[in-house]
Structures are given as C-alpha cells and as structure tokens.
Amino acid sequence: MMQLAKLKSELDDARFCTDRLFSLVSDEAMYERPIPERHRLIFYLGHLEAFDWNQIGRWTLGMPSFHESFDQLFEAGIDPSLGNLPADRPSDWPTIHEVHRYNARAREEVDRLLPTVPECIIHMAVEHRLMHAETNAYLLHHLDSKYKHAPANSSKGLSSSFSEDIPKNEMMEVPEGMATLGREPEEGFGWDNEFLQHVVPVPAFLISRHKVTNQQYLQFVQEGGEPSAFWVKRGDAWYVRTMFQEVPLPPFWPVYVTHRQAEAYANWAGMTLPTEPQFHRAAFGTPSGIEQSFPWGNAASMFQHGNVDFHAWDLAPVNAHPLGDSAFGLAQMVGNGWEWTSTVFHPFHGFSPFPTYPGYSARFFDQDHYVVKGAGPFTSSRLLRRSFRNWFRQSYPYAHIGFRCVQS
C-alpha cells in the first residue's frame, strides 16, 4: 500500500508537470504544428491521458472503452522522416473542450483502477508522461512566441550565462576499461531496450572535456557547415531561439544539432562521435575500474549536478555545474543537452518487448535512429539512471541534443 501511494504521488507530480506546460500555451495554438512532421499540439493534449487509460484500463485490465474513437485517435504519436508532412487540417480534430472532458474521465478511471494494476504498468505511465513532458517542451520551443505565456521565472539563468569563465577546449584521456550497459530485471523498472545487462571492453581514447559550443560550431558554419535549427541570422549576426525569446548567440552554450551535423563537424575537426560504450566508460567509469550510478557518484541528482528537470527554461554554459563532473574530469555528461553517439539504436541480447507496448522500441530498430545519452534541461531526474537509452532519427533537428568528439 505504501508503494502504491508513492507511485500515485509520482504520477500526480508528472501530471502537474505536463499540465503546467499546456498552461503556457494559448488555446488557438493547440491547433498549430510547431514541428511540421509531428502532430498538432491538440494531439499531445489528449495523448497522455489516452495512453494511461489504454495501458491501464483497456490493455492490462480489459475494461470496456468509454470513448473508443478518442482512445484510438490519441493512442500513438508519429515519427515520420524529415519532410514527410501530415495532411490533416485543424477541423479534423475535436474541440479543446471535448479533449478536456475525455481527459478528466480518463484520469478518473485510471485513479480508480490503480490499486488493481501491476506496479510496472504504473511505472510505465509515470515515465511515459515524464518523457512527453520533455517532448512537449521542445515542441513548445519551436512554437511561435506569440502563442506562449512566459512564466515569471522564464529568464532565470540567462543573465549569468554570459559571465562564466571561458571553457578550455581540451581533450581528456579515458584509459581502457569495461563499460556496463543495460540493467538486470531484478534492478527494478526499465524500458524494454534497457535489458539485458552486459559488459563491453573499451580501449583507451581521448574525449572532449566539454560539449561542443556555439562558438566552436560557428567556426564550422563559417567554413561551410550547416547551422543549427535553433539559430537565426539577423543581418550579419547570429541569434539563438530560447524558449521564450531570441538572444545573441551565447558563445559557451552547447550547440544543438542533428546527428548528421554532429558527424560532419567531427569529421571536419578530424575526430569522431563517441560510441555508446565510450560514453558509458567516460560518464560512469572511474580510474579504479568501479562504475558509478551517475558521473558525480552514486547519490541521486541535485540541481548543483546539472541543468535537468526543468530547473531552468534555457541552457547554461558548458562549464557550469562542476560538481557534476565525471571521475575522468568530463563536464556535463548528464544535463544541459542529450549527446549523440555513433551507435545505431539496436536491441541488446535478450531483448523482449513489453506485452502491452510492443512497439515502444522495436519499430525504431532501423539504420536511421541513433542512440543519444545523458540528459537535457527538461529530462526528469527519474530518467537519469545509467541504463536509460534515448534515440532520434539522424536528421532530426528539433530536439535538445548536442555532442562531443573523441579520438582513438
């Protein structure tokens, strides 16, 4: 009973987070499509409650539907390739009032059924919602600012972000060692692609202490590289779109790019992107060979360790949060932006899909999605576990993903 109360509290907290995000958006914006390839925002308003109801009520407990058309309409998102645009119109979608009424009923039904649901399904509902809080955040990042109501703390961190010490562009040595990827079932909840745990030998390599900055990437752009989708050029000057405004390009913020852009920069610099095992070794390994739960040790994340969990609406310089450095002296392996790896998203040996969510990972095991590791500014602390894996299409330009480079 105590565990159920804890999980219900976590679900309520996750609901508060996503409700707060939708409160920042005007009603007229709910039929906008901030990212051309994705659904209109109205879909995401209904998707979270539909997912919880479908997973818990229909697919786990076999309950009859109370609104079958909405259960199906809001069941699953889309992940089309770049330029493959949906053809729906705003009039094809229900009204905001209808969606709110469905959401209220779905939430009521889910709360009533929670005591009869396996804990793993509740974990799934909580983490799915937290992942969508992050998805919704980067969707809103690309929404025209005229549709957004900036909260009172929206500029938190911006003024101090320009006065930090200049980060040194240095390469750090990571000696050969072992990297433990994945997790064992007895360790607790994880998504299907996190299993099974296995150990990989990693030869010695050099890796950049910091994520690649706007300043570094600007030099690449000036020599013909493709600019970030978060950048805007006004005359001869570059600006970056923050969540609620445009600001002159902050030189020491991490740059957010696609995998192809990151790979092109690494090639230009005479280096490569790290593999998933290299990232693990650099982030969680130690000189003694013992692996840690987090780069900074085994204690759970606090805000001094990194820019995560909606602590700020925008980025910090790449040398902020030194208490979060890894045992090898690497900065921000977790927080302030996910990081691309050169590893194609694939299953580990022993992979088995969730019975009630078989497509969570399996439909992305192709040659177009790459593993990203670490965490972004809107990643929940709950998702910072070492085994958690994220992934995106190699040409996807909209997410909060940066990178760093390695050399053999």
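These figures come from a predicted structure and were not determined experimentally. (Residues numbered from 1 in each chain as written. Predicted model: local features only at pLDDT ≥ 70, side-chain atom pairs only at ≥ 80, totals over all residues. Heavy atoms only, no water.)

Focus on the overall build of the protein
Across its full length, the protein holds nine helices and 12 strands. At 21 Å, the protein has a C-alpha radius of gyration in line with the 22 Å of a compact globule built from 408 residues. Looking at the protein as a whole, 58% of its 408 residues are labelled buried. Excluding contacts between residues fewer than 6 apart, the proportion of contacts in the protein whose partners are at least 24 apart in sequence is 78%. (Helix = DSSP H or I, 4+ residues; strand = E, 2+ residues; numbered from the N terminus. Rg over C-alpha atoms; globule rule 2.2 N^0.38 Å. Buried < 20%, exposed > 50% of the residue type's maximum accessible area, 1.4 Å probe, protein only. Contact = heavy atoms within 4.5 Å.)

Quick notes on the packing of aromatic side chains
Applying the stated rule across the entire model yields 40 aromatic pairs. Each ring, one from Y360 and one from W391, has its centre 5.4 Å from the other, and the planes form 85°; the classification is edge-to-face. Within this pair, whereas Y360 is found in helix α9 (residues 359–362), its partner W391 is found in strand β10 (residues 390–393), the two being separated by 31 residues in sequence. The lysine or arginine in question, R105, covers the ring of F66, its NZ or CZ lying 4.5 Å from the ring centre. Above the ring of F348, the side-chain terminus of R389 is found at 4.0 Å from the ring centroid. (Phe/Tyr/Trp six-rings, centres within 6.5 Å; stacked < 30°, edge-to-face > 60°. Lys NZ or Arg CZ within 6 Å of the ring centre and 35° of its normal.)

A word on the packing of helix α2 (residues 41–60) against helix α5 (residues 119–141)
Across the interface, α2 lies against α5 with an axial gap of 11 Å and an inter-helix angle of 170°. Taken as axis vectors, α2 and α5 run roughly antiparallel relative to one another. Listed contacts from α5 to L41, Y44, H47, L48, E49, F51, D52, Q55, I56 and T60 of α2 are I121, M124, A125, H128, R129, H132, N136, L139 and L140. Its residues assigned to classes, the contact of α2 with α5 shows 10 nonpolar, six polar and three charged. (Axes fitted to C-alpha atoms, helices over the stretch in contact; angles between N-to-C directions. Parallel < 35°, antiparallel > 145°, perpendicular 65-115°, else oblique. Nonpolar A, V, L, I, M, F, W, Y, C, P; charged D, E, K, R; others polar.)

Some remarks on the sheet that holds strand β6 (residues 237–241)
A sheet is described by the order of its strands in space; here three strands give the open sequence β5-β6-β7, paired in antiparallel fashion. Sheet topology places β5 (231–234) and β7 (246–248) at the edges, where each strand pairs with a single neighbour. Here the average twist between neighbouring strands, direction ignored, is 40°. Pairing of β6 with β7, which is carried by three bridges, proceeds in the antiparallel orientation. By the bridge assignment, Y239 is partnered in β7 with P248. (Pairing = 2+ DSSP bridges.)

Overview of the sheet that holds strand β1 (residues 171–174)
Read from one edge of the open sheet, three strands run β1-β4-β12, paired in antiparallel fashion. The sheet is open, and its two borders are formed by β1 and β12 (406–407), each paired with just one other strand. Examined bridge by bridge, strand β4 (residues 205–208) and β12 share two bridges and lie antiparallel to one another. From the neighbouring strand, L206 faces β12, where its bridge partner is Q407.

Remarks on the pairing of β4
Two elements, β1 and β4, share four bridges in a ladder whose sense is antiparallel. Bridge assignment links E173 to a residue of β4, and that residue is L206.

Brief notes about the nonpolar core
Membership of the largest hydrophobic core comes to 93 residues, with the highest contact counts inside it found for M30, Y217, W340 and F403. The leading source of residues in this core is α5, at 12 residues. Judged by nonpolar contacts, the second largest core, of 17 residues, contains A179, V202, I207 and A282. (Core = buried A, V, L, I, M, F, W, Y, C linked by side-chain atoms within 4.5 Å.)

Overview of the pattern of salt bridges
Side chains that differ in sign of charge can pair as their charged atoms come close. Scanning the entire structure with this criterion turns up 27 salt bridges. Salt-bridge contacts for R382 lead to E10; the nearest nitrogen and oxygen are separated by 2.3 Å. Separated by 372 residues along the polypeptide, R382 in the loop between β9 (369–375) and β10 and E10 in helix α1 (residues 2–23) bring together distant segments of the chain. The class for R382 is partly exposed, based on a relative accessible area of 23%. When salt bridges with common partners are traced through the structure, they connect K6, E10, E127, E194, R382 and R385 into a single cluster. (Salt bridge = Lys/Arg side-chain N within 4 Å of Asp/Glu carboxyl O.)

Concerning α2
With 20 residues, α2 extends 27 Å between its outermost C-alpha atoms, agreeing within 8% with the 28 Å of an ideal straight helix rising 1.5 Å per residue. At N54, α2 is bent by approximately 35°, the largest bend along its length. Just beyond α2, the residue with positive phi is G62, at close to 70°. (Expected span 1.5 Å × (residues − 1). Bend = angle between axes of the 7 residues up to and from the residue.)

Some details on the confidence of the model for the protein
Taken residue by residue, the protein gives an average pLDDT of 94. The fraction at 70 or more is 97%. Low pLDDT (under 50) marks residues 157–163, which in the prediction has 10 contacts with non-local residues, meaning those over four places away or in another chain. (pLDDT = per-residue confidence, 0-100.)

Quick word on the environment of P185
Structurally, P185 can be placed in the loop between β2 (177–181) and β3 (198–202). Taking the C-alpha atoms as reference points, P185 and H132, separated by 53 residues in sequence, lie 24 Å from one another. The contacts of P185, once residues within four sequence positions are left out, are F195 and L196.

Re the side chain of R33
By the secondary structure assignment, R33 is in the loop between α1 and α2. Relative accessible area serves as the criterion here: at 17%, R33 is assigned to the buried category. Of the polar contacts made by the side chain of R33, one reaches the backbone oxygen of R38; its length is 3.1 Å. In this structure the side chain of R33 is engaged in a polar contact, spanning 3.2 Å, whose partner is the side chain of D88. (Polar contact = N/O pair within 3.5 Å; in protein donor to acceptor, adjacent residues only side chain to side chain.)

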